[in-house]
Structures are given as structure tokens and as C-alpha cells.
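A closer look at the structure
As a plain string of letters, each chain reads:
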Amino acid sequence: MTQTSTPAIEGWFTTGDEPALIGSRCTACTTVFFPRTAGFCRNPACSGEEFEDVELSRRGRIWSYTDAQYQPPPPYVPTHADSEAYVPFALAAVELAEGITVLGQVAAGYGVADLQVGHEVELVVETLYADESGDRSIWRWKPVSTGSTNGVHGSTDDMAGADA
């Protein structure tokens, strides 16, 4: 049986050599949203109701960060679909060129000690977990340069996301 890689949440990002988040752009006011939206523009100054898909910037700058010491609500998907053991991980709020800030997990092997406000990160796709039908992947923010003074990535392994 051939295993495949499938996004844990369909339609939120592309895969491949240059993955990107998929957002919506209002055709009336050009406001960008992530995740995708439909129905009506959430910009209070706009009455637009039509949207186009747009690939968001792959790189951005850290606006804020923290570690998740508790299990988030959906659409969070745990590292092991059949596991009840929660493993803390780092989160970063990243400012994109489109004028929005997107919160997401930090790439495996990186923790809060590797992050600094203003540092650049890029979008990567990593395996969250594997099951009988293949890998389940998610997008994460990977530091392009780190603010760590210890020079060791993953010094907070318990907060860097779990290995599949």
C-alpha cells in the first residue's frame, strides 16, 4: 500500500517546494483574510460579498510568540490522532506583507528560546502524525534566523512540537 501526505486541515495551505497559506481577498476592497472566508467582507467599511483565493507571503516577521502549555481547541489536531498525551509547543504570531498577522505553530526543533520579536520566519510543511493511510501534514513557522543566545535549536524540545 502506498502512503501519501495529506493536509490535516484541507484547503488552508499548499504543499511542495514553496508551500503557502491560502487566504481570501475581497474583490471590492482588497482586504485579505486567513483562513478563507465567504459570505460577506469582515471589513466594516465594505459591503463586498465576493472573494478570490490568494496565496499569502511565505515569509513574515514575528510579532509575538509564546509556548502552548495547554491543548488548544479545534481546529487544533493533536500530534498523534489516537493519543491523549498532550505535548506543549511554541506558537508565533507572524506579520505578513498582506497586512495580516497569522498565528501558527513553530517548526519542530525550535522553541521559545529560538524566537525573537522582529525576526524573520518562513512557512514550512511538516508531518504532524501518520496513520494507516499516510502522513498528515500541517504548516508551521520556521525561523530564518534565531534570537537564541545558546545557539542550540530545540533546547526546549518539549515545546517545539512533537515528532511524529
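Structure first, text after, so check above.
In this text, all values refer to a predicted model and were calculated from it rather than measured experimentally.

This paragraph deals with the pattern of salt bridges. Within the structure shown, the criterion is met by 5 salt bridges. Linking Glu126 and Arg140 is a salt bridge whose minimum nitrogen-to-oxygen distance equals 2.6 Å. Here Glu126 is found in strand β8 (residues 120–131), whereas its partner Arg140 is found in strand β9 (residues 134–143), with 14 residues between them in sequence. You'll find Glu126 and Arg140 in the same group, each marked buried.

Here we take up the sheet that holds strand β3 (residues 32–33). Sheet architecture is open: 3 strands sit in the order β3-β2-β4, paired in antiparallel fashion. Each edge of the open sheet is held by one strand with a lone partner, namely β3 and β4 (51–55). The pairing of strand β2 (residues 22–26) with β3 spans 2 bridges and is antiparallel. Bridged to Ser24 within β3 is Phe33.

A few words now on unusual backbone geometry. Outside of glycine, negative phi angles account for most residues, and trans bonds account for most peptide bonds. Of the consecutive residues Phe34 and Pro35, the connecting peptide bond is found in the cis state with omega at -5 degrees. Along the chain, Pro35 falls in the loop between β3 and β4. A positive phi angle is found at Thr30, which is not glycine, with a value near 70 degrees. Along the chain, Thr30 falls in the loop between β2 and β3.

This next bit is on the nonpolar core. It is characteristic of soluble globular proteins that their nonpolar side chains tend to be buried jointly. Counting residues in hydrophobic clusters, the biggest one holds 22 residues, and the most contacted among them are Leu21, Leu56, Val102, Trp139 and Trp141. Going through the elements one at a time, β6 (89–95), β8 and β9 are the ones with two or more residues in this core. Leaving out residues up to four positions away in the same chain, Trp139 has contacts with Trp12, Phe13, Leu21, Phe34, Val102, Leu103, Gly104, Leu123, Val124 and Val125.

In this section: the environment of Phe13. Following the sequence through the fold, Phe13 ends up in the loop between β1 (4–7) and β2. Looking at Phe13, the relative accessible area reads 7%, which means it is buried. When the C-alpha positions of Phe13 and Val125 are compared, they lie 8.8 Å apart, and in sequence the two are 112 residues distant.

This part takes up the pairing of β2. Two faces, one strand: in a regular strand the side chains alternate between the faces of the sheet. Of all 5 residues in β2, 4 are buried; the element is thus mostly enclosed. Relative to β4, β2 runs antiparallel, the two being bridged by 5 bridges. Looking at the pairing, Ile22 lines up with Glu55 of β4. Connecting the antiparallel pair β2 and β3 is a turn made up of 5 residues, with Thr30 showing a positive phi of about 70 degrees.

A few words on the packing of aromatic side chains. Scanning the model with the defined rule gives 5 aromatic pairs in all. On the basis of an interplanar angle of 75 degrees and a centroid distance of 6.3 Å, the ring pair of Phe33 and Phe51 is categorised as edge-to-face. Of this pair, Phe33 sits in strand β3 while Phe51 sits in strand β4, and the two are 18 residues apart along the sequence. For the pair Trp139 and Trp141, a centre-to-centre distance of 5.6 Å together with 75 degrees between the ring planes defines the contact as edge-to-face. The exposure class assigned to Trp139 is buried, which follows from its relative accessible area of 10%. Classification of Trp141 by relative accessible area gives buried; the value is 1%. Here the aromatic residues Trp12, Phe34, Trp139 and Trp141 are joined through ring pairs into a cluster of three or more.

The rules behind the values
Residues numbered from 1 in each chain as written. Predicted model: local features only at pLDDT ≥ 70, side-chain atom pairs only at ≥ 80, totals over all residues. Heavy atoms only, no water. Salt bridge = Lys/Arg side-chain N within 4 Å of Asp/Glu carboxyl O. Helix = DSSP H or I, 4+ residues; strand = E, 2+ residues; numbered from the N terminus. Buried < 20%, exposed > 50% of the residue type's maximum accessible area, 1.4 Å probe, protein only. Pairing = 2+ DSSP bridges. Core = buried A, V, L, I, M, F, W, Y, C linked by side-chain atoms within 4.5 Å. Contact = heavy atoms within 4.5 Å. Phe/Tyr/Trp six-rings, centres within 6.5 Å; stacked < 30°, edge-to-face > 60°.

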